[in-house]
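Below are the chains, spelled out letter by letter.
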Amino acid sequence: RAGDLDYKVADLSLAEFGRKEITLAEHEMPGLMTLRREYSEVRPLAGARISGSLHMTVQTAVLIETLVDLGADVRWASCNIFSTQDHAAAAVVVGRHGTVENPSGVPVFAWKGETLPEYWWCTDRMLRWPGADGTETGPNMILDDGGDATLLIHKAVQYEKTGVVPSLDESDPEYSEEYAVILELLRESLAGDGQFWTRNAPEIIGVTEETTTGVNRLYHLAAAGELLFPAINVNDSVTKSKFDNKYGIRHSLVDGINRGTDVLIGGKVALVAGYGDVGKGAAESLRGQGARVIVSEVDPICALQALMDGYEVARIDEAIERADLVITTTGNKDIIRIDHMQRMKHQAILGNIGHFDNEIDMAGLARIPGVHRIEIKPQVHEWRFPSGRSLIVLSEGRLLNLGNATGHPSFVMSASFANQVIAQIELFTKPNEWDKEVYRLPKHLDEKVAKIHVEALGGELTKLSKDQAEYIGVDVEGPFKPEHYRY
Ligand code: NAI
């Protein structure tokens, strides 16, 4: 804590470096900078207390400061233990007008290389707003990536109702190390102010969710009638998932592999599990380096797309022995199992770029009798089997583009985060227009985000004549496509 600010980051003296990179990023983020110009006088987010859980990178710093310029109070944590860029976190805390000695920016709770208990402590701190009289309140807006902030609040309300937080042991099917950590945190919360979230969750106007995995969680909650507040699915804005998930990954997957290993990708066989938006970007990224790419899919439509794009489609069970690199992109669990790992080539590289670390059975790997884990450097480990063969595992099975590199570049995150800011404004300024359901942004706002980025790249849009617009049944100013159009 310094002055009025409570925070926990690695090293505030990194703030100057962080600020320099944030300033460069601003130029590459025309979506956010246009929204700043458009709204900084109106300040539509004045009164918003936004708790954000999203990778604490340079790009996210530009997002946070945009929310601040639009009037919001903000607290932040990362949504992954390895994804924080410590210089960005420091710069956000110091702020644009503060100093290292007297920071005046935004409370951030994030550093690269958190333990799981530290991660959930940070999430909890980010969600609790200190009041003047020493009491705490909750946020009135959530900005989430992967749904951990939303999950914590929902679990807390659930257990506050019964007054009991269950204990799990390792034989329980629901058990995971991480779930045990969450339950411990909730147990402490219950023992303290036992009704904190029951009191504060009704204040939450809504959540805007960044990624596929978090959106899936929200639809499950809504279908079960358990969603506590309205949600906007930012991921399925076209200018998010068809750009960030694809072109962002096309950039940051090879970046992560290169920074982690520096192994030549050209000529190697790469196996990509999943050919959704992320898988499409991943396969293209690897092929761009000259890899021979094999795709595995469960969905025949995506499998057919992979074939049409020129990739071999095969099952993991069969292709695993041929692969020099194996990358999971499914957002599903149990994709690479122990029996797969034991059949992989010597020094093959194994990594995940989906949101959670359950795509690869890391817990099972650690349990193999006689297996030896050698740290080559942080986020790069050689796992040596008793046979003498070994695997290189990136970011301990967590998303490697953010663990081994710096995630997606600014320009593509500008489109994603412009959708985030618009979604925050929509929810916050029209609080009575939403039910406890999951919504998407209207198409005209998606087209607005796209237009800003087309113009920033020097693209010239063609204008429809009135006659042409009537002929295809759209307005001259758009939206240009019906809702069901797939891009
Ligand atoms: P998606 O739903 O478009 O694609 C996932 C694909 O995996 C689907 O086509 C599905 O059929 C396939 N799949 C599911 N189970 C499978 C299995 N057992 N074997 C083979 N294929 C299987 O989802 P999207 O948008 O591609 O996202 C994937 C994951 O990546 C999510 O967890 C998402 O949150 C995350 N993500 C990560 C980013 C990063 O920067 N690392 C950026 C954006 C998303």
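Predicted model only: the values in this text are computed from it and were never measured. The numbering scheme is per chain: residues are counted from 1 as the chain's sequence reads. Only residues with pLDDT of at least 70 are given local features in this predicted model, and only at 80 or more are side-chain atom pairs given and counted; all residues enter the totals for whole chains, interfaces and linings. Excluded from the side-chain calculation are hydrogens and water; included are all heavy atoms of the structure.

**Here we look at the environment of Asp-357**
Filter applied, for reference: Only DSSP runs of H or I reaching four residues or more are called helices, and only runs of E reaching two or more are called strands; each is numbered from the N terminus. Any N or O atom pair separated by 3.5 Å or less is treated as a polar contact, with the protein-specific requirement of one donor-capable and one acceptor-capable atom, and with residues adjacent in sequence counted only for side-chain atom pairs.
One can find Asp-357 in the loop between strand 13 (348-352) and helix 16 (362-367). For the pair Asp-357 and Leu-45, spaced 312 residues apart in sequence, the C-alpha separation works out to 34 Å. For Asp-357, the side chain forms a polar contact with the side chain of Arg-398, separated by 3.1 Å.

**Points about the UniProt feature "domain: S-adenosyl-L-homocysteine hydrolase NAD binding" (unreviewed entry) in the protein**
The line we're drawing: UniProt positions are given in the numbering used here, feature names are shortened, and annotations may be inferred rather than shown by experiment.
According to UniProt, the feature "domain: S-adenosyl-L-homocysteine hydrolase NAD binding" (unreviewed entry) maps to residues 245-407 in the numbering used here. Segment residues 245-407 splits into 35% helix and 23% strand. End C-alpha atoms: 11 Å apart.

**A word on the sheet that holds strand 12 (residues 325-328)**
Put simply, the rule is: Strand pairing is defined by DSSP finding a minimum of two bridges between the two strands. When checking whether two residues touch, look at their non-hydrogen atoms; a contact exists if any pair is within 4.5 Å. Fitted lines through C-alpha atoms give the axes, limited to the stretch in contact for helices. The angle between two N-to-C directions lies from 0 to 180 degrees.
The eight strands lie next to each other as 11-10-9-12-13-16-15-14, forming an open sheet whose pairing is mixed. If you trace the sheet from one side to the other, it starts and ends with strand 11 (312-313) and strand 14 (372-377), each paired once. As judged from the two bridges shared by strand 10 (residues 292-296) and strand 11, these two strands associate in the parallel manner. Its bridge partner being in strand 11, Val-295 is matched across the sheet by Val-313. Sitting on the sheet, helix 12 (residues 277-288) touches strand 9 (269-273), strand 10 and strand 12, and the angle it makes with strand 9 is about 175°.

**With respect to the state of the cysteines**
The following threshold applies: Pairs of cysteine sulfur atoms within 2.5 Å are identified as disulfides in what follows.
Throughout the structure, instances matching the rule amount to zero disulfides. Take Cys-79: it sits in no disulfide, and the sulfur closest to it among the cysteines is that of Cys-122, at 12 Å.

**What about the pairing of strand 7 (residues 206-209)?**
How we decide: Burial status follows relative accessibility: with a 1.4 Å probe on protein chains alone, a residue under 20% of its type maximum counts as buried, one over 50% as exposed, and anything between as partly exposed. Orienting the strands away from the viewer, one traces the path from the first strand over the helix to the second; a clockwise path indicates a right-handed crossover.
Taking every second residue as pointing to the same face, both faces of strand 7 are buried, with Gly-206 and Thr-208 on one and Val-207 and Glu-209 on the other. Judged from the four bridges that link them, strand 6 (residues 141-144) and strand 7 form a sheet pairing that is parallel. The partner of Met-141 across the bridge, within strand 7, is Gly-206. Judged from the three bridges that link them, strand 7 and strand 8 (residues 231-233) form a sheet pairing that is parallel. If you follow Glu-209 over to strand 8, its bridge partner there is Asn-233. Regarding topology, helix 9 (residues 212-223) serves as the crossover connection from strand 7 to the parallel strand 8, and that connection is right-handed.

**Focus: the site of the ligand**
Put simply, the rule reads: The near set for a molecule or strand comprises every residue that places at least one heavy atom within 4 Å of it. The residue classification treats Ala, Val, Leu, Ile, Met, Phe, Trp, Tyr, Cys and Pro as nonpolar and Asp, Glu, Lys and Arg as charged. All others, Gly included, are polar.
Near the ligand there are 26 residues, and of these Thr-211, Thr-212, Thr-213, Val-278 and Glu-297 occur at the shortest range. Between the ligand and Thr-212, the relevant distance is 2.7 Å, taken from an oxygen atom to a side-chain nitrogen or oxygen of the residue. Between the ligand and the protein, one listed contact pairs an oxygen atom with a backbone N or O atom of Asp-277 at 3.2 Å. The dominant element in the shell around the ligand, judged by the number of residues it contributes, is helix 11 (residues 244-261), at three residues. For the shell around the ligand, a count of residues per class yields seven nonpolar, 15 polar and four charged.

**Remarks on the packing of aromatic side chains**
Heads up, the condition is: Here a pair means two rings of Phe, Tyr or Trp (six-membered ring of Trp) with centres within 6.5 Å. Their orientation is stacked below 30 degrees between planes, edge-to-face above 60, and tilted elsewhere. Criterion for a charge above a ring: Arg CZ or Lys NZ at most 6 Å from the ring centre, at most 35 degrees from the ring normal.
By the definition in use, this model includes seven aromatic pairs. Where Phe-109 meets Trp-121, the ring centres are 6.0 Å apart and the plane angle is 75°; that geometry is what we call edge-to-face. Here Phe-109, found in strand 3 (residues 108-109), pairs with Trp-121, found in helix 5 (residues 116-127); they are 12 residues apart in sequence, far enough to count as distant. Pairing Tyr-119 with Trp-120 gives two aromatic rings, centres 5.2 Å apart and planes at 90°, and the pair type is edge-to-face. Overall, Tyr-119 belongs to the buried group, its relative accessible area being 2%. The lysine or arginine in question, Arg-75, covers the ring of Trp-129, its NZ or CZ lying 5.8 Å from the ring centre. Across from the ring centre of Phe-196, 4.3 Å away, lies the NZ or CZ of Arg-128, which sits over that ring.

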